[in-house]
Amino acid sequence: MTVSTLPAPQQRTRTKTVVPLSRWAAYLLLALGGLLTLAPFFFMFVFATHDRSDIFQLPPPVWFGDHLQENYRNLLERTPFWRNLWNSLYLAVMTTATTLFFCTLGGFGFAMYEFRGRDPLFALLIATMLIPGTLNLVPYALIMQALGWIDTPRALWVPGMASAFGIFLMRQYIGTAIPRELIEAARIDGATEFGIFRRIILPLCGPAMATLGLVTFVQSWNSFLLPLIIFRSDTTSTAPLALRSLQGIANTDWGALMCGVALTVIPLLVLFAIASRQLIEGLTSGALKG
């Protein structure tokens, strides 16, 4: 008599994904770094809703108060804030638009054309980045005075239509991301040089242009020293100058100042939220190429 033995039921083995302790430590450090980065913005908005006596309490307030309308009213009484904010927006948009066009055009020329003296000229252009900006303040002011551009917006965005950093960035991107064969094929098809720039270069330079545009916009928006030299009246001043005028030697309305700072920072936060992906793509383009 033979007894047949049935095979034991097979048990499915389940693998558990174990996260290493070092990865949890990295996540914790990133979370703490994010909180430290966001803390100044949070307290800026909190202080915008408190008056001076509440701001300087120990410990300071950690939640929103009920003085926002009063701070906003004091801000408008002491400065033409919305006019100044519009001036900052106009300068930032004009500087960014012209910088993107001329820097992309210059980068295209240095990357795709062979001409005598190209490399020495490009090296000279890069060398200008080593000159401290403060050395140019006196000649810059004298030139603007001679042109009669003092207290006018074009004194800021016309000289800033092209930058050495912008040309360098666009030249590096165009030289690595756009093949020369594409340009040669367009020339064979009868495209003009400016047509190649408009129909091929500009559409393919989106990530680099987004990066350059964001950096240029923020730099122009936060500019303080050059507007301080050029603008002489309250109606032509920019937002940073308006906020600085709220600070006095003996008395400063910190609630109104924080309210103005919060209103000034909101456009930058919105811009970063919209262009963050393009910024990262433009900064990391070509890093994994190989």
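Residues numbered from 1 in each chain as written. Predicted model: local features only at pLDDT ≥ 70, side-chain atom pairs only at ≥ 80, totals over all residues. Heavy atoms only, no water.

Looking at this structure, I do not really get the overall build of the protein. What am I missing?
For the protein, the helix and strand inventory stands at 14 helices and 0 strands. Listed N to C, the secondary structure of the protein is α-α-α-α-α-α-α-α-α-α-α-α-α-α in terms of helices and strands. Residue burial in the protein is summarised as follows: out of 290 residues, 34% are buried. Across the protein, every contact between residues at least 6 apart in sequence was considered, and the portion connecting residues at least 24 apart equals 71%. A total accessible area of about 18,900 Å² is found for the protein, and carbon and sulfur atoms account for 67% of it. (Helix = DSSP H or I, 4+ residues; strand = E, 2+ residues; numbered from the N terminus. Buried < 20%, exposed > 50% of the residue type's maximum accessible area, 1.4 Å probe, protein only. Contact = heavy atoms within 4.5 Å. Areas by Shrake-Rupley, 256 points an atom, 1.4 Å probe, with all protein chains shown as cover.)

Explain a nonpolar patch on the surface to me, please; I cannot follow it from the model alone.
A cluster of nonpolar side chains, namely Leu-21, Trp-24, Tyr-27 and Leu-30, defines an oily patch on the protein surface of about 530 Å² accessible area. Here Tyr-27 lies in helix H1 (residues 21–47). (Patch = residues over 30% accessible without salt bridge, like charges linked within 9 Å, V, L, I, M, F, W, Y side chains within 5 Å. Salt bridge = Lys/Arg side-chain N within 4 Å of Asp/Glu carboxyl O.)

Even after reading the chapter, I still don't get unusual backbone geometry, so can you show me in this structure?
Both trends apply: most residues other than glycine have a negative phi, and most peptide bonds are in trans. Cis geometry is adopted by the peptide bond preceding Pro-59, which originates at Leu-58 and carries an omega value of 0 degrees. Summarising the element assignment, Pro-59 is placed in the loop between helix H2 (52–55) and helix H3 (68–78). Here the phi dihedral of Asp-151 falls at roughly 70 degrees; this positive angle occurs in a residue that is not glycine. Within the secondary structure layout, Asp-151 lies in the loop between helix H6 (137–147) and helix H7 (154–157). For Asp-151, a relative accessible area of 23% puts it in the partly exposed group.

What is the right way to read the packing of helix H4 (residues 81–112) against helix H10 (residues 193–204) from this model?
A pair of packed helices can be characterised by two numbers: the angle between their axes and the separation between those axes. With their axes 11 Å apart at the nearest point, H4 and H10 run at an angle of 110 degrees to one another. As far as their axial angle goes, H10 and H4 are roughly perpendicular. Here Phe-101, Thr-104, Leu-105 and Phe-108 of H4 come into contact with H10, specifically with Glu-193, Phe-194, Ile-196, Phe-197, Ile-201 and Leu-202. (Axes fitted to C-alpha atoms, helices over the stretch in contact; angles between N-to-C directions. Parallel < 35°, antiparallel > 145°, perpendicular 65-115°, else oblique.)

What is the right way to look at the UniProt feature "transmembrane region" (unreviewed entry) in the protein in this model?
Following the UniProt record, one finds the feature "transmembrane region" (unreviewed entry) at residues 24–48, 89–110, 122–143, 155–175, 196–218 and 254–275. End C-alpha atoms of residues 24–48 are separated by 36 Å, and the span's content is 96% helix alongside 0% strand. For residues 122–143, the end-to-end C-alpha separation is 25 Å, with 59% helix and 0% strand making up the annotated structure. (UniProt positions renumbered as here; feature names shortened; annotations may be inferred.)

What should I look at first to understand the pattern of salt bridges in this one?
Within the structure shown, the criterion is met by 5 salt bridges. With its nearest N and O atoms 3.9 Å apart, the salt bridge here joins Glu-114 to Arg-180. Placement of the pair is Glu-114 in the loop between H4 and helix H5 (118–127) and Arg-180 in helix H9 (residues 180–188), with a sequence separation of 66 residues. For Arg-180, a relative accessible area of 38% translates into the label partly exposed. What emerges from the salt-bridge pattern is a single network uniting Glu-114, Arg-118, Asp-119 and Arg-180.

I would appreciate a short explanation of the nonpolar core in the present structure.
In globular proteins that are soluble, nonpolar side chains generally tend to be buried together. One finds Leu-75 and Trp-221 to be the most contacted residues of the largest nonpolar core, which totals 24 residues. Sorting the residues of this core by element identifies H1, H4, helix H11 (206–221), helix H13 (239–245) and helix H14 (254–284) as the ones contributing at least two each. Per-element tally for this core: the top contributor is H14, with 8 residues. One finds Cys-103, Phe-108, Phe-110 and Ile-178 within the second-largest nonpolar core, a separate group that totals 22 residues. (Core = buried A, V, L, I, M, F, W, Y, C linked by side-chain atoms within 4.5 Å.)

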